[in-house]
Amino acid sequence: MGFDRSGRQFEPRAPQHHRMLHLPWMGRENAPYLWLIVLLNVGPFVPPVWSAFPDAHDPPSPGWTGTVFKLRQDYPSTRPAVGSMPWKAISFRTQPEAYLRAVLQYGLEGNVAVDWQLEQNTVRKWYHAPWMHSTSGGREFVHGLTKERSSRPRELHPNQPSFFQNWAVGIYNAPGGYVIGRVWKDPMVPNPGAARFPDGTVALKLLFTTATVAEVPYLQNAFTWQAHIHDATGTTRSIQTVRLLQVDVAVRDTRAASTTGWVFGTFVYDGNAPGATPWDRLVPVGAMWGNDPTVTQDAATAPSPLHQTWINPTLGPPQHLGRTGRLNGPVDNPKSSCLSCHSTAQYKAVSAPLPPANASTTEAMRWFRNIRATAPFDPGQVSLGYSLQLSVGIQRFLQANPAALANIPVPSSTRRTTHVSTARREDP
Ligand code: HEC
């Protein structure tokens, strides 16, 4: 069993094969295997390519002529140079807004111009994590979006009567891509111990919503995509318009070593903010580099007792923060925080991403420790370096390939735990 961002379990799927047959919509062109196909006389216009990981949950619908998502999986085989890190000139403690903006700018560079088709970015390389295609909310075929926690009525705006779906795609820069490639070097034997993200690793996540401008007016003139997402029933999918609501960033920064080693931040789209393009109208919500473990109260007070979270005091759209006002995004679970949930990224995923609904303060604070970037959440497990895409990916891989469990290299104490916790962590 695994957990998604809302803390809900996701359902197992039928086993899948070792290496996937890649149809043209899935993979790379110009592969040497083309010759093999010609020899096998499979047909001139169906050049299947073998590559380790599928791109999406479904092939493009018949007649679809738009963009088709390609999982960028040509991970660097040797440790790449980190390159320039503009945020390093800025302190996240004293200038958090400038720091976040420098990271966002770095993430947008070269990606906006090619509509986030990473393989076409000429400025720098970015990569996707594998095994996000399986399960019913797995990657859709247009932009590789995966289903996130839905927004409940009034969560995005006080006058919002409807539930809305949220769908997202996460990417890693080259230092991060190198680590993902090392963990997944053998596509049938992921190696959790290789999840050691170096200083300068950056991950970015674009979150889109089906919310309408009529119900959530600050989404006016938002950046939109077409995406192949769930219909109201949640069982079938169709092409629908989604609007960019939130952009998450995560930076591995040695200056945060005394807390977690990571700086997490988030932006929300504000259609009333100044700026020529929708990207310019993304407004920082806040940043966090630690969980403030000594702040045990659960209700936020003014002034904020937090020292390891910064919240933008001039924010326009209504915000939903986490426990005691720690940083969380508009689509996130209010009992959590960015670093709280991400600190549970480990193999095996013994603890749920959220504290139990009825947890005592002492129990709940287990989710608000400052866990070092290489330390696991539970003793005896292997840290996945705050990467929940690695965590979710490995869990989904094992659902589809249960026999692979025995091959995964782990410390001997871990091997004895044969299944992950099955407790449900529903929202209130
Ligand atoms: C309740 C759990 C939860 C909370 C809270 C949460 N996330 Fe995540 N996040 C996830 C999961 C699960 C994934 C992996 C699956 C996916 O990408 O949808 C993820 C993926 C990411 C990624 C892509 C890199 C990775 O770890 O795989 C980034 C960046 C990210 N989140 C940033 C944030 C930020 C910033 C916040 C706070 C504003 C936040 N997250 C809050 C669960 C959470």
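What counts, and where the lines are drawn
Residues numbered from 1 in each chain as written. Predicted model: local features only at pLDDT ≥ 70, side-chain atom pairs only at ≥ 80, totals over all residues. Helix = DSSP H or I, 4+ residues; strand = E, 2+ residues; numbered from the N terminus. Contact = placed C-beta atoms within 7 Å. Near = placed C-beta within 6 Å. Nonpolar A, V, L, I, M, F, W, Y, C, P; charged D, E, K, R; others polar. Buried ≥ 20, exposed ≤ 12 C-beta atoms within 10 Å, placed from the backbone. Pairing = 2+ DSSP bridges. Core = buried A, V, L, I, M, F, W, Y, C linked by C-beta atoms within 7 Å. pLDDT = per-residue confidence, 0-100.

Regarding the overall build of the protein
Then, number 1: In terms of helices and strands, the protein carries seven helices and 15 strands.
Then, number 2: Long-range pairs, those at least 24 residues apart, make up 67% of the contacts in the protein with a sequence separation of at least 6.

Regarding the site of the ligand
Then, number 1: As a matter of local geometry, the ligand sits amid 30 residues, with G170, C338, C341, L388 and Q389 nearest to it.
Then, number 2: Contributions of two or more residues to the shell around the ligand are made by β7 (166-173), β8 (202-209), β10 (237-252), β11 (262-269), α4 (338-342) and α6 (388-400).
Then, number 3: A per-class count over the shell around the ligand returns 12 nonpolar, 12 polar and six charged.

Topic: helix α3 (residues 174-183)
Then, number 1: With eight of its 10 residues buried, α3 lies for the most part within the structure.
Then, number 2: Looking only at α3, the buried set comprises A174, P175, G176, G177, Y178, V179, I180 and V183.
Then, number 3: Buried residues in α3 make contact with β5 (126-127), β7, β8 and α6.

Quick notes on the pairing of strand β9 (residues 224-230)
Then, number 1: Where β9 meets β10, seven bridges bridge the pair, whose relative direction is antiparallel. Bridged to H228 within β10 is I239.
Then, number 2: Here β9 hands over to β10 after six residues, with G234 in that stretch at a positive phi of 80 degrees.

Side note on the nonpolar core
Then, number 1: Membership of the largest hydrophobic core comes to 92 residues, with the highest contact counts inside it found for F208, W262 and A287.
Then, number 2: If one sorts the elements of this core by residue count, β10 sits on top with seven residues.

Considering the confidence of the model for the protein
Then, number 1: Of the residues in the protein, 84% reach a pLDDT of 70 or more, and the chain-wide mean stands at 87.
Then, number 2: The low-confidence segment residues 6-49 (pLDDT under 50) makes 61 contacts with residues lying over four places distant or belonging to another chain.
Then, number 3: Every residue in residues 415-428 is under pLDDT 50, and counting partners more than four places away or in other chains gives 22 contacts.

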